[in-house]
Amino acid sequence: MTTTSCPSGLTRRQFAAGLASLVMASATKARSETALPAIDTHAHVFHRGLKLAPGRRYAPDYDAPLALYLEQLDRNCMTNGVLVQPSFLGTDNSYLVESLKAATGRLRGIAVVDTRASAEELRALDRAGVVGIRLNLVGQPLPDLGAADWKALLAEVKAMGWQVEVQRNASDLARLAPQLLDHGVSVVLDHYALPDPKLGIADPGFQSVLKFGAARNVWVKVSAPYRNGAAGESFAKAAYPLLREAYGVDRLLWGSDWPHTQFEATQTYERNRRFLDELIPDRSERVQLLASPQPLFRF
């Protein structure tokens, strides 16, 4: 039986076998990628009937209910989401808990709690699907994490395997994050760690945040570039390779920041999801990043 050589130097039979193997490997990879979750790690739900916290800096004049958020997930092919308690609702996490229960496991929550919250209160939140606490410290004094109430709270957070999500400018995170790590908790930094928009990646605080990658217990959200100034998307494109090198894709988290409070006029879920494709053109890397939050958020 004669065989015909292919341009590669392989026989036709070898070429066909190799091609079949390549197609099978590609299909297997596609199936495995399809099976992976795609997780939005930062969104908010609320409506105008909820009681607002005293001393709030901002209050929305519209509703962002659970049903509308779930529509955003479906429309953008996201399997799961994380609801972050909005600062203007304070420590009343009742709507957050209600939403988590209604979503029957599709969502997880990050709560805002009083430092004197009891272990029973925290465990009730845990059963509802809460996996961490939020410290939105923008415009707030830095907490004294050495105080007795903070020590007790962070000990409970550590015992439950929760995370501490922090929103604060990078220069302060450089001091705050090590203090949290000293308490043995996992730390998540919001929105590229919020460096000074005038300095971008040259901000010494941001450079310090890059060093936290060695800690293996810190994650950074590549979310809401518009919260990093008018040139936020350009900054994000410069910052992402540095963050990837420092943390690895498995400790970077994407979040939609829906409904983009205070930026509603210029932002949509679709726009932010499309920007992720620009930020990470490689599909496999993007799939990996969207799936990486699965263990951290207990999906």
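It should be noted that the structure appears before, not after, this text.
Student: Quick one: what's the story with the packing of helix α7 (residues 204-211) against helix α8 (residues 232-247), residue by residue and with numbers?
Tutor: The axes of two packed helices give the description: the angle between them and the distance between them. Interaxial distance between α7 and α8 falls to 9 Å at its minimum, and their mutual angle equals 30°. Between α7 and α8, the angle is such that the two are roughly parallel. Here F206, V209 and L210 of α7 come into contact with α8, specifically with F235, A239, L242, L243, A246 and Y247. The residue inventory of the contact of α7 with α8, partitioned by class, reads nine nonpolar, no polar and no charged.

Student: A description of the environment of M160 should follow, citing residues and the corresponding values.
Tutor: In this fold, M160 is placed in helix α5 (residues 148-160). Accessibility expressed as a relative area gives 10% for M160, which makes it buried. Leave out the neighbours within four places in its chain, and M160 touches L122, R123, D126 and R298.

Student: An account of the side chain of Q85 is requested, with residue identities and associated values reported.
Tutor: Along the chain, Q85 turns up in the loop between β2 (80-84) and α3 (94-102). Looking at Q85, its side chain comes within polar contact range of the main-chain oxygen of G90, at 3.0 Å. Beyond its immediate sequence surroundings of up to four residues, Q85 is in contact with H44, G90, T91, D92, N93, L96, I110, A111, V112 and R134.

Student: Pulling in residues and values, what's your account of empty space enclosed by the protein?
Tutor: Counted by the stated rule, this structure contains two cavities of 30 Å³ or more. What the largest cavity holds in volume is close to 50 Å³. As for the largest cavity, its lining consists of Y192, V222, S223, A224, P225, W254, G255, N272, F275, L276 and L279. Broken down by element, the residue count for the lining of the largest cavity peaks at four residues, all from helix α9 (residues 269-279). Across the lining of the largest cavity, the residue classes tally to eight nonpolar, three polar and no charged. Approximately 40 Å³ is the volume attributed to the second largest cavity. What lines the second largest cavity is L50, K51, L89, D92, S94 and Y95. Of the residues contributing to the lining of the second largest cavity, the split by class is three nonpolar, one polar and two charged.

Student: Describe the layout of surface pockets, with residues and values.
Tutor: If you roll a probe as big as a water molecule over the atoms, it shows you where there is empty space left. Taken as a whole, the largest pocket spans an internal volume of roughly 960 Å³. Lining the largest pocket we find 38 residues, and of these R57, S87, N136, L137 and Q140 sit closest to its centre. Those elements that place two or more of their residues in the lining of the largest pocket are β4 (130-136) and α5. It is β4 that contributes the most residues to the lining of the largest pocket, four residues altogether.

Student: Run through the environment of H183, naming residues and quoting values.
Tutor: Of note, H183 is situated in the loop between α6 (170-182) and β6 (186-189). You can call H183 partly exposed: its relative accessible area is 23%. With 33 residues separating them in the primary sequence, H183 and W150 have C-alpha atoms 9.8 Å apart. Here the side chain of H183 touches L145 through a polar contact of 3.2 Å, landing on its backbone oxygen.

Student: I'd like a rundown of α7, residues and numbers included.
Tutor: Among the residues of α7, those classed as buried are G205, F206, V209 and L210. The arc that holds every buried residue of α7, seen down its axis, measures 150°, which confines them to one face. Facing away from the buried side of α7, by more than 90 degrees, are the exposed residues P204 and K211. Among the structural elements, α6, β6, β7 (218-223) and α8 are those in contact with the buried residues of α7. Here α7 starts with a cap whose side-chain oxygen sits 2.8 Å from the backbone nitrogen of G205, and that cap is D203.

Student: How would you sum up the pairing of β2? Please name residues and give values.
Tutor: Taking burial as the measure, the five residues of β2 include five buried ones, the bulk of the element. Of the two faces of β2, the one holding N80, V82 and V84 and the one holding G81 and L83 are both buried throughout. For the segment spanning strand β1 (residues 39-43), helix α2 (residues 66-75) and β2, crossover handedness is right-handed. Relative to strand β3 (residues 107-111), β2 is paired through four bridges, and the arrangement is parallel. Looking at the pairing, V82 lines up with R108 of β3.

Reading the values: the criteria
Residues numbered from 1 in each chain as written. Predicted model: local features only at pLDDT ≥ 70, side-chain atom pairs only at ≥ 80, totals over all residues. Heavy atoms only, no water. Axes fitted to C-alpha atoms, helices over the stretch in contact; angles between N-to-C directions. Helix = DSSP H or I, 4+ residues; strand = E, 2+ residues; numbered from the N terminus. Parallel < 35°, antiparallel > 145°, perpendicular 65-115°, else oblique. Contact = heavy atoms within 4.5 Å. Nonpolar A, V, L, I, M, F, W, Y, C, P; charged D, E, K, R; others polar. Buried < 20%, exposed > 50% of the residue type's maximum accessible area, 1.4 Å probe, protein only. Polar contact = N/O pair within 3.5 Å; in protein donor to acceptor, adjacent residues only side chain to side chain. 1 Å grid on protein atoms, 1.4 Å probe; cavity = no way out; pocket = protein on both sides within 12 Å on 5 of 7 lines; lining within 4 Å. Points joined across faces, edges and corners; volume = space filled by probe spheres on them. Arc of directions from axis to C-beta. Right-handed = clockwise from strand over helix to strand, strands pointing away. Pairing = 2+ DSSP bridges.

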